[in-house]
Structures are given as structure tokens and as C-alpha cells.
2 protein chains.
Amino acid sequence: MKIYCANIVYTPTPDSFQLIEHGYVAVSDEGYVEEVGKTLPSKYTSAQVLDYGDKLLIPSFFDMHVHAPQYRNMSLAMDEPLLPWLEKYTFPEESKYADSTYAERMYRRFVHALWLQGTTRCSVFGTIHLESTKLLADLFSEAGMGAYIGLVGMNRNCPDSLRNTEEEAVEDTISLATYLEQNPMVHAIVTPRFVPTCTPQLMRRLGQIAQEKKLPVQSHLSENQGEIAWVKELEPHVSCYGAAYDQYGLFGQTPTLMAHCCYTEGVEQELVKKNDVIVVHCPTSNVNLSSGIAPIRRFLDAGIRVMLGSDVSGGHHLSMSRVMQYAIQVSKLRHLYSQGKEHFLSLSEAFYLATKSGGSFFGKVGSFEQGYAFDALLIDDSSLDGQDYDLIHRIERYIYLGDDRHIEKRYCQGKELKEPCLK
Amino acid sequence: MKIYCANIVYTPTPDSFQLIEHGYVAVSDEGYVEEVGKTLPSKYTSAQVLDYGDKLLIPSFFDMHVHAPQYRNMSLAMDEPLLPWLEKYTFPEESKYADSTYAERMYRRFVHALWLQGTTRCSVFGTIHLESTKLLADLFSEAGMGAYIGLVGMNRNCPDSLRNTEEEAVEDTISLATYLEQNPMVHAIVTPRFVPTCTPQLMRRLGQIAQEKKLPVQSHLSENQGEIAWVKELEPHVSCYGAAYDQYGLFGQTPTLMAHCCYTEGVEQELVKKNDVIVVHCPTSNVNLSSGIAPIRRFLDAGIRVMLGSDVSGGHHLSMSRVMQYAIQVSKLRHLYSQGKEHFLSLSEAFYLATKSGGSFFGKVGSFEQGYAFDALLIDDSSLDGQDYDLIHRIERYIYLGDDRHIEKRYCQGKELKEPCLK
């Protein structure tokens, strides 16, 4: 048992922060929150107490859509339109991951960068390369961090160097799942890149694997208009882009993350809701690639689950604080363009999406309520000149103004995360 | 004479970067660029050579709209709409600057923060308080940085604690101008806050001062729809918001900075162009306050001069790199909503706006062309994992991914800027 004393900030619900000035969180040896409160009960007096004084203790962040092999392309060639950007920068970089020496060097940096930014668990696209993808999983394990790792399936409309056959994609997805079967923190996730790069046969077989092995699914949905038109050509008989996944058992039959959803509405929104598909909102990527602004308020009002993703390297930065900022800021533009009808995201809503909502993909994670895994960040905001502000403004200023320098400690499942080795 | 050797990056024109791999800039003892090039001519062999190897040497940044007394409110209460935000947070904070002890403490932090972010010159709103505003000017002088400093005029529609009389505003503006008359780097700028807070009499007299003393002018223009409607009520006889300034000699009669201009079009755009008024684009503020997206491409196509501003604390951060990012990103949304008709800002355009365009308000500043004042930043991007990228991508990754940690040295008018004293 360990007791952490600090200013406690978390979001049991999206609509407001739970704030406990100079409170405590009691964490079991297994890494779960036993109790959170203001005054330490006497039963804990024999426990180890770590008093962090006036610092902030918050849940850590969960990045639910990120491409690990695009780490080195982060913030690169942002002026290019989507297709040249993919062809000239993204695909050539991903091809390098056939070489597992290169993969190890870069994936170590990727995991280190996530750690630095306070992301303790995430859902990741790897590449088509099994060895590199297993290595990525190993590095998350080594770091003590949680992850869903995707072996990418793509067997059409892509360069030869990044194309796997249907058979390879299926076998390697199964191999990865088997490899990670006993891993407590790192799991496999079925990952068809997106409809245009996957034949119907491949999608059908990936859907079967997901259901047989009870594996979750991640992919891209309705990111931009050109892509939607392309899917309509490829799958002319279905009612919407999402239905193209649905027919193959890749749309909520097991827990499913769909990134972007900028243009999801009508029948597609109904299908998302009906199948309890999770929308992963990637606002930095959506502005960088001129994709649009996803209608997050509408999704939330409809009771659709929403999480946040950095979508590096469509997104330019791994910081989930920045993703929160952009989620709020682009929602303010939707607010404006809807003549105020569509209310913008509040700070607590954005925080909830990045913590408790994202964390829920891993079980009871992302909050300090009883029974939750203790995934947390200790924030020292003393250099931000805000000590006499109230807690809610201190957390706001950390999110908008702070950076990795203000994260003093990172915890995942109750364990403090050491700085991952870069080799 | 000093010779700086490094990778040289600057923008003589907006449409592309001038890139000199392992080049040099020769700077005279007075702080002006004598020559820039690839191979050091023999005539310079006796000069002091500072070889910065593979680092980047770029012009420093110019923040052309920022409220110094809102420093401590940076990133605060971003969920509040404009009016409560002003009433509950901004005005109470500005009122504190009646106390020059408080002002000194905070203004030191403000100047330090600008230095940290690589902004070497700026145009600043102070408050109505003469002593504090003179102190702010002194701190810029002490730091060796350049600035235009505005004593704010506001004599209606504001709290009593922030209201000066017409007489006070006029006298204090003149006092500040006299105080700074001989200062080589820090100057006065006539600063009516905006039309709603200034009576016609005050604006007329401020316009007279500007023209008699040849002082530039700064204010706010067409930031949001509510404000525009309010100005229409207050000044029903003029053709547009800008004309309300124009009739009093505050709209280009001397060099004039108008912040925001989100809704400037038609007759107002023509007047801006005709009077050579400068638009200061504040994209972070415009999203945070749900103001809108200024039509920068349209302004540039019309030959209107545009500069960039952080507009702290409507903007949440002083980093001009971030302001550049947002300038590009919001222009991508306009690009999207115009069905591609309005092309988004390129990286070199955004860089030009933050360097050579902003710098031009101070004379020949913001470029490395011959005769320009040497205002520069030495960037060490070695921690960004991009050494084998070409220069254009290294500068892009510094702008999107880097921060103050990557700025190794700062120069203003040829002098290296020491870290300003925080006391």
C-alpha cells in the first residue's frame, strides 16, 4: 500500500472536475486505487506516505490513435496534401521497418517520447512487419506501459514494399496475438489500415480473427471527402463507409476504435451508436491534413463514446495536452459556425476524453475512483506563476501552457515508470 | 565585425526559404548584416568567426500584438466567453498594474518569457498606468530588446479602475512619447484600446498626437461579430468599423497595426489597403475566443501587409512558433471550407509573416539581407532526431515540434541577449 498526498484532480464525469486540495490517493500493492479523499484515515497511518505538497496529481493520458512508425516523420512535410504526403514521406518511412535494427532504434525513441509526454497507455498502428511489431510490443513491456499493438493489414492500393498478402496479414495477426496472449499490459489489436487498402477477402478474414480470438479492432473512418468517395467506389453496395467494415465483422462486433469520423452522420452515426463503436477524435491531424472538424458535440449528445488520439504523424505532436487544446479550439470554430447551437467542449470534457474515456479501453483506468488502476502524473507547475490560482485554473494552465518539463513522475498500474532506455 | 557560421535559413520573399548550408552571416559592429553567403571571402579572415557547425541560424520573431499586463492570465479561463472573461479575469488583472511594484514583478516575467521564446521585438499594449508603462519600457531597454509600448486609452465602457479621463490618456501618451524620444530601441505607440472604450473626443485627440509626433498607432479591428455590431451602434454614420478610426486619423495616417480583422471585407478591406494599414493576424486568440478565422489569403492577394501576434492572453502562449503553426492550420480550414479556392498558408509564408514582415515595423529587421539589423536565433535541433533531413524539413520540425529549449542563443541588433533578470 502506498499513499500519495498532493492536490488531486480527475474527472469521474465529463461535466466537471473532481478537485481535492491537499488530498490523498491510497493505492494497493497491485496498483489499484483503494480510496481517495481529503483527510487521511487513521487506518493508513502505517502505510508508506509520499507527500508531494502543493503539486498536482492527475490521471495520465491515453493516446488512442497513433502510428508508431511515423514517429520520425512527426512535424514533417505538413504543407503536402494527403496523397503526396503518404507517397513521398509516410510510406517510404514505414517501409524501413522491414529492418528490425532500424525499427528498434526508432521504436525506442517513440516509446520514450510517449513516456515523456505522460501517455502511459495507447493504441498503436505498427507496420506490416511482424518482427518489428513484436519488438514494439516488447519495448512497451520493458517500459512498463500499456498498449494495444496492431500488425497492419494492407494488401491493395499501396506500394509493394508495404503490401502484405492476405495470407501474411492473417497469419501475422494471429502470430502477434499468440505472442501477446499472456502479456498482462500489452495486447494485440486487429488493424486493417482502412477500406481502400484492404480487399474484401482480407477484411472478412480479419473480422473472423477478431471474433474468434476476441480481439479488438482499430481502423480509420470518414476522415476526408476524397477518401469517402473512394470507399463508395470500392464498396458501392453498402449504405455508408462504416457499413463496409460492419459487413465483415470489423465494426463493434468486438471493441472497435475508429479514428477521425469527420464526416460521420446519418446512417453511419446510427451504426456507430448501435454497434457501440468508439470514435477516436484526432483534431491536430484533422487540421494539419485539411480533413475537417469532427462533430464531437453531436457524437457526445448521441451517447457515442469518444476518445482522443494524437494521430502522429498526421498530428504533429505526441502531447495529449496539445490534443486536448485543439479538441477544444476546433470545437469553438464549430460553435461559431453553428451560430452557437453546437456548444464547444469544456476543459473538463476534453480532460475526461483524454483520461477516463481513453483509459476505459483498458478496463477501469483513467480515473482515481475506487478500483481504478493507478495511472497518474505528478505535475509540478511551480514555474508557471500560478500558485495562488485555484486548482481548476492551475490544471488549465498546465494543459495550455505546460509541457513535459512539468511532469515530475509518471505511474502506470501503480508502478512509477522509469525513463525508458534509448540504447 | 563578427562572422556567424551555421546553416542559414531566412525568407527574403514569402514564397520560399533562402537556405544556405554551412553558410555565414557577416555582422558589422553596429549590428547590421554586411554580407551573407556560402563560402567566407578572404577579406573576413581577420574577423572574429563563431562557427556553430550544423546548427540553424534564423531571424528571430516579432510579436506584433500582445498585452503585457495579461501575462499572468495566459492560458487562464479559456472556457469563458469574451465578456465574462474580460470582466472576471482580464480587467481585474490589468487593474493591479496601478501598483508599480506588482507591475515590475510581472513585467520582468513577461520580458523574460518573450526572450525565452525568441521574440526579440514586439508591439505591446500596457495599461492606462503611466508609471507601470514607463517601467515596462525600461525593462525592454534593460534586456536589449526592441519594442513599441502603448499607454492604453480607454475612457468609456470599462470598469472605473481601468478608465482614464480623456485628459489623462492624452497627457500620459505624450509623457510616454517624450520619455522614450531618445531611446534607440524602445518607442511609444498611440494605443486607443478599441472604439467601444474610447469616446470620439479621445480618439480625435489621440489621432492628433499620432500625426503631430509622428507616432504609430495600434488597436483592435473587426475581431468578432458582437463587437462589430456594437461599433455600428456607437458610430452609426461611418461605412465600417475601420472608418471609425479613420475619421480620427488613427487608420494609416501614421504606421498602423490593427489586430484580428477576422471580418474585414468590402469597403473596410479597401480602406485597409488604401491607407496601408497593417493587419496583425492572431490565430491562437481567434480560436480561443471563438472569434473566427481571418481571411489572410485574401489580404495577401490584395497586397495588404500582414504580421503575426500572440495576443496573449486571448492567445494562450507567447511562442511565435505556435502562432505560425496555428496561422497555417486555421488557413487549412478556410482552404477546406472554400472548396480549395483559398489556398492555405505555406510554411515559408508563415515564417515570413513572423520574421521579415513583422520586423519591417522596426525598419530593416527580420531578414539576413544586406543592411538588415542582425536579429537572430541560433537553433540546436539535435534532439529532434532530424539531422539527416534537409534544411527545409529541419526548420519545419523545429517550428512544429521544437520549443524554447532548442533556442541556444538570441541576438537583437547584433548583440547577444543575456537572460533578462527576474529579480
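Residues numbered from 1 in each chain as written. Chains lettered and ligands numbered in written order. Predicted model: local features only at pLDDT ≥ 70, side-chain atom pairs only at ≥ 80, totals over all residues. Heavy atoms only, no water.

Describing the nonpolar core
Ranked by size, the top nonpolar core spans 103 residues in total, and within it Ile58(A), Phe61(A), Phe110(A), Leu136(A), Phe140(A), Tyr245(A) and Ile395(A) carry the most contacts. At nine residues, the largest contribution of residues to this core is made by helix 2 (residues 100–116) of chain A. Excluding its chain neighbours within four sequence positions, the residues that come into contact with Ile58(A) are Val9(A), Phe351(A), Phe368(A), Asp375(A), Ala376(A), Leu377(A), Ile379(A), Ile395(A) and Tyr398(A). Ranked by size, the runner-up nonpolar core spans 102 residues in total, among them Tyr71(B), Ala147(B), Ala177(B) and Cys262(B). (Core = buried A, V, L, I, M, F, W, Y, C linked by side-chain atoms within 4.5 Å. Buried < 20%, exposed > 50% of the residue type's maximum accessible area, 1.4 Å probe, protein only. Helix = DSSP H or I, 4+ residues; strand = E, 2+ residues; numbered from the N terminus. Contact = heavy atoms within 4.5 Å.)

Observations concerning the interface of chain A and chain B
Facing the 44 residues of chain A at the interface are 44 residues of chain B. Between chain A and chain B the total buried area reaches about 4,300 Å² when both faces are included, carbon and sulfur atoms providing 45% of it. Three residues stand out in chain A for area buried against chain B, namely Arg72(A), Asp79(A) and Asp385(A), and they jointly supply 15% of the buried area on that side. Along the contact surface separating chain A from chain B lie seven salt bridges. For Asp388(B), the salt bridge goes to Arg72(A), with nearest N and O atoms at 2.3 Å. The tally of links from chain A across to chain B stands at 34 residue pairs in polar contact (both at pLDDT 80 or more). Of all the elements, helix 11 (residues 320–337) of chain A adds the most residues to the side of chain A that touches chain B, at nine residues. (Buried area = accessible area lost by both parts, 1.4 Å probe. Salt bridge = Lys/Arg side-chain N within 4 Å of Asp/Glu carboxyl O. Polar contact = N/O pair within 3.5 Å; in protein donor to acceptor, adjacent residues only side chain to side chain.)

A closer look at the relation of the copies chain A and chain B
Here chain A sits on chain B after a turn of 180° about the axis and a move of 0.0 Å along it, with an RMSD of 0.0 Å. Look at the turn and shift together and you get a two-fold axis relating the two. The fraction of interface residues of chain A whose copies in chain B are also interface residues reaches 100%, indicating that both copies meet through the same surface. (Least-squares fit on C-alpha atoms with pLDDT ≥ 70 in both.)

Quick look at the pairing of strand 7 (residues 146–150) of chain A
Residues and elements named next belong to chain A. The buried fraction of strand 7 amounts to five of the five residues, a majority that puts the element mostly inside the structure. Residues Gly 146, Tyr 148 and Gly 150 line one face of strand 7 and the alternating positions Ala 147 and Ile 149 line the opposite face, and both faces are buried. Alignment of strand 6 (residues 119–125) against strand 7, held across five bridges, turns out to be parallel. By the bridge assignment, Val 124 is partnered in strand 7 with Ile 149. (Pairing = 2+ DSSP bridges.)

Some remarks on empty space enclosed by the protein
All names here are of chain A. Counting across every chain of the model gives six cavities of 30 Å³ or more. Empty space within the largest cavity amounts to approximately 70 Å³. In this structure, the largest cavity is lined by 13 residues; those nearest its centre are Ala 294, Ile 296, Arg 297, Ser 331 and Arg 334. It is helix 11 that provides the largest number of residues to the lining of the largest cavity, a total of four residues. Taken together, the residues of the lining of the largest cavity break down into seven nonpolar, three polar and three charged. Roughly 60 Å³ of internal volume is contained in the second largest cavity. (1 Å grid on protein atoms, 1.4 Å probe; cavity = no way out; pocket = protein on both sides within 12 Å on 5 of 7 lines; lining within 4 Å. Points joined across faces, edges and corners; volume = space filled by probe spheres on them. Nonpolar A, V, L, I, M, F, W, Y, C, P; charged D, E, K, R; others polar.)

Concerning the pairing of strand 11 (residues 217–221) of chain B
Residues and elements named next belong to chain B. Strand 11 sits mainly inside the fold: five of its five residues count as buried. What you see with strand 11 is no split at all: Val 217, Ser 219 and Leu 221 on one side and Gln 218 and His 220 on the other are buried throughout. Bridging between strand 11 and strand 12 (residues 256–260) involves five bridges; their strand directions are parallel. Bridge pairing links His 220 to Ala 259 in strand 12.

Observations concerning unusual backbone geometry
The linkage connecting Val312(A) with the following residue, Ser313(A), adopts the cis geometry, with an omega of 10°. On the secondary structure map, Ser313(A) appears in the loop between strand 14 (306–308) and helix 11. Not every positive phi belongs to a glycine, and Cys261(B) is a case in point at roughly 55°. Note on placement: Cys261(B) falls in the loop between strand 12 and helix 8 (266–274). On the accessibility criterion, Cys261(B) (1% relative accessible area) is buried.

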